[in-house]
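Fold and geometry: a report
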Amino acid sequence: MEATTKARHEALGLSREQLLEMYYYMLLTRRIDERLWLLQRGGKIPFVISPQGAEAAQIGAAFAFRRKHDWFTPYYRDLGINLVAGVTPREIMLGAFARGADPASGGKQMPSHWGNRPLNVVSGSSPVTTQLLHAVGIAQAARMRGDDIVAYTCCGEGSSNQGDFHEALNWAGVHKLPVIFMVQNNEYAISVPLDRQVAGGSVAARGKGYGMPGIEVDGTDLLAVYAAFKTAHERARSGQGPSLIEAKCVRITSHSSDDDQRRYRSSEEIEAIKAKDPILKARAYLYEHGILDEAQEKELEARVMAEVDDATDYAESQPYAVPEQTLRHVYKED
Amino acid sequence: MAVLNLVEAVRETLRAEMRRDRDVWVVGEDVGKKGGVFGATLGLFDEFGPERVQDSPLTESAIVGVGIGAALYGTKPVCEIQFADFIFPAFNQIISEAAKMRYRSNGAWTVPMVIRAPFGGGVHGGLYHSQSVEQYFTNTAGLKVVVPSTPYDAKGLLAAAIRDPDPVLFFEHKGLYRAVKGEVPETDYIIPIGKADLKRDGSDITVITYGKTVHFCLEAANQLAREGYEALVLDLRTLLPLDREAIVAAAKKTGKVLIVHEAGKTHGIGAEVSAIIAEECLFDLDAPVQRLCGPDVPAMPYAGPMEKFFMLSPEKCLEAMRTLAKF
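All values derive from a computational prediction rather than experimental measurement. (Residues numbered from 1 in each chain as written. Chains lettered and ligands numbered in written order. Predicted model: local features only at pLDDT ≥ 70, side-chain atom pairs only at ≥ 80, totals over all residues.)

Residue and element names in this part refer to chain B. Each domain of chain B was delimited in the assignment, giving domain 1 (2-184) and domain 2 (197-325). With centres defined by C-alpha atoms, the gap from domain 1 to domain 2 works out at 26 Å. Of the residues lining the interface, 25 residues belong to domain 1; the matching set on domain 2 comes to 24 residues. Every element with two or more residues in the side of domain 1 that touches domain 2 is listed here: strand S6 (144-146) and helix H6 (151-163). Among the elements that take part in the side of domain 1 that touches domain 2, S6 stands out by supplying 3 residues, more than any other. (Domains from an automatic or database assignment. Contact = placed C-beta atoms within 7 Å. Helix = DSSP H or I, 4+ residues; strand = E, 2+ residues; numbered from the N terminus.)

Here is the structure:
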């Protein structure tokens, strides 16, 4: 028996540096999103849809994947997934400002409709859950070619009621494909709560019906999410097939900048969410284990804010695509 | 040169393309050991195995959605929808995803895939095994829509579709699968997508059509010739993009145009073709543009007399062609 019990991150094989890097990405995700709200409220950009409350789920998940190697068909809240996959804050801001150099769409799509070809982040749309099938197809094609990749895909718990969710999980289950399906359950599909959305109350429980593990994990707990994804990733790579991971998150903001959650959530409920803020939880862990102190935190915050400022200024100064770009890229061009 | 029917031409083209390119694979319901409900993939399972000739679960949205993912990865899926009537669960994947992928990613992501589906009536298929669905797709830029009428065209067009860098819907009239035979070269060739074909030259009237009604119109044209009128028959072959040049040239040649299709009339291909003619060569016309189409009812009834009433025929085509010729 060991004299001292290993800390949770050590047991997962994570160094202090890796843990700090994860926290950096959580903070970067939060601060970029906060800036987007300011820009939206200030009339500089038309729209925001927010990952606040899902940072631990996204960063914990993303760290289990291999950058520029594994494939991602994310959903619209997956800002953190994109950042860890290698999308830069400048590129995120180019999308938010709908500038011509936006790598996701050149300003054609609304913000948070991700896409970055060199990083294997597939272009997404607004109809929910279509991307789950794309992840299955990617995994199917990779297997045909003998490539060792794992596909990440994600949706919200509301979307998990769509037919494509069922079709995707079933197909992946039949063929034991290397796909990890994540459901970020923030308890609301815009305004409709979980009990009016998901019969049985558990998305994870549905995994069994598709012949795969259905794992429920505290989505505000960075290390718990990372542990679940690490296991699922190893499972996928070793040919054991797909996993379904339901991360129980919170939604701190309204659904989007066009929504006001005070119309359907009580002020007590909205207040109570703040205690479950995944950033605070991760921060407490770092302090508790002596990985972060006040001076380091100050430095980290300054570094993140400098990146956010740089990205904002850069993107705002960039031009829109010329209007005639409207006519481009319908079919392959000669 | 072999004499093949249309479904054999489809099958031999799939075989040739799969031999030519390891990234080409087939996926759909019952396409494996059974070889498809119409036999379009018969024997391919034995040659290429269960991965490249893959039986899918009974899920049309997934057949297309998985196909899109596989195309994004770089392979070239040929998805089979068992009957065109069942394509609607996949409508979202086709319209929201396949058609828009290149556009929305500013050219970064592309979906080189083919979706094959047998369509059309006259086979006692009732409402849900008879529909002509092409018009639901032809107003969606980003897609290509192809309908062959002969085995020769089927081979050249399907080969072109599989090698195309964009998503192609390939609709095969099931009433032609075994009804039409023709010489098909064993050598490799493609027919460019977007090019119509003059199936019969003539100087008195122009008939513009595609699919099974090409054969009705050709048969009617032979009869009309005996009555002293020569009909030009233009087979569109590709419905999206339309061959505007060929349409205008054919219309100008005779000044009298009849458009024929089995799909419904309202907001149909005929409406677009006649609008092109009105825009480009109205003053070359000697008669109002005519349309002979399927009736504007939800779908084709099952009982024989009603099915016959719905379907076009050489006789119905002849009547419309004769009326126009005498105008």
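What follows concerns the nonpolar core. One broad trend across soluble globular proteins is that nonpolar side chains are buried collectively. Counting residues in each nonpolar core, the largest one holds 206 residues, and the members touching the most others are Val136 of chain A together with Met321 of chain B. Per-element accounting of this core gives the leading share, 10 residues, to helix H2 (residues 16-41) of chain A. Built from parts of two domains, this core gets at least three residues from each of domain 1 (2-184) and domain 2 (197-325) of chain B. For Val136 of chain A, the residues in contact, after removing those within four places along its chain, are Ala168, Trp171, Ala172, Leu177 and Val179 of chain A together with Val66 and Gly69 of chain B. (Core = buried A, V, L, I, M, F, W, Y, C linked by C-beta atoms within 7 Å. Buried ≥ 20, exposed ≤ 12 C-beta atoms within 10 Å, placed from the backbone.)

Okay, the environment of Lys100 of chain B next. All names here are of chain B. Here Lys100 lies in the loop between helix H4 (91-98) and helix H5 (101-104). Assessed through the 22 C-beta atoms surrounding it within 10 Å, Lys100 is described here as buried. Along the backbone, Lys100 and Lys326 are 226 residues apart, and their C-alpha atoms lie at a distance of 46 Å.

We now examine the confidence of the model for chain B. Across chain B, pLDDT averages 98, with 100% of residues at or above 70. For this predicted complex, the interface score ipTM comes out at 0.97, alongside a pTM of 0.97. (pLDDT = per-residue confidence, 0-100.)

The next subject is the packing of helix H7 (residues 163-175) of chain A against helix H3 (residues 60-73) of chain B. Where H7 of chain A meets H3 of chain B, the axes come as close as 9 Å, and the angle between the chain directions of the two elements is 70°. By the angle between their axes, H7 of chain A is roughly perpendicular relative to H3 of chain B. Considering how the two elements wind past one another, H7 of chain A and H3 of chain B form a crossing that is right-handed. Contacts from Gly163, Asp164, Glu167, Ala168 and Trp171 of chain A of H7 of chain A reach H3 of chain B at Ser61, Ala62, Gly65 and Val66 of chain B. (Axes fitted to C-alpha atoms, helices over the stretch in contact; angles between N-to-C directions. Parallel < 35°, antiparallel > 145°, perpendicular 65-115°, else oblique. Left-handed = near helix turned anticlockwise from the far one by under 90°.)

The next point concerns the interface of chain A and chain B. With 32 residues of chain A at the interface, the matching set in chain B holds 34 residues. Taken together, the elements giving at least two residues each to the side of chain A that touches chain B come down to helix H6 (130-145) and H7 of chain A. Among the elements that line the side of chain A that touches chain B, the one with the most residues is H6 of chain A, at 11 residues. In terms of residue class, the side of chain A that touches chain B is made up of 14 nonpolar, 13 polar and 5 charged. (Nonpolar A, V, L, I, M, F, W, Y, C, P; charged D, E, K, R; others polar.)

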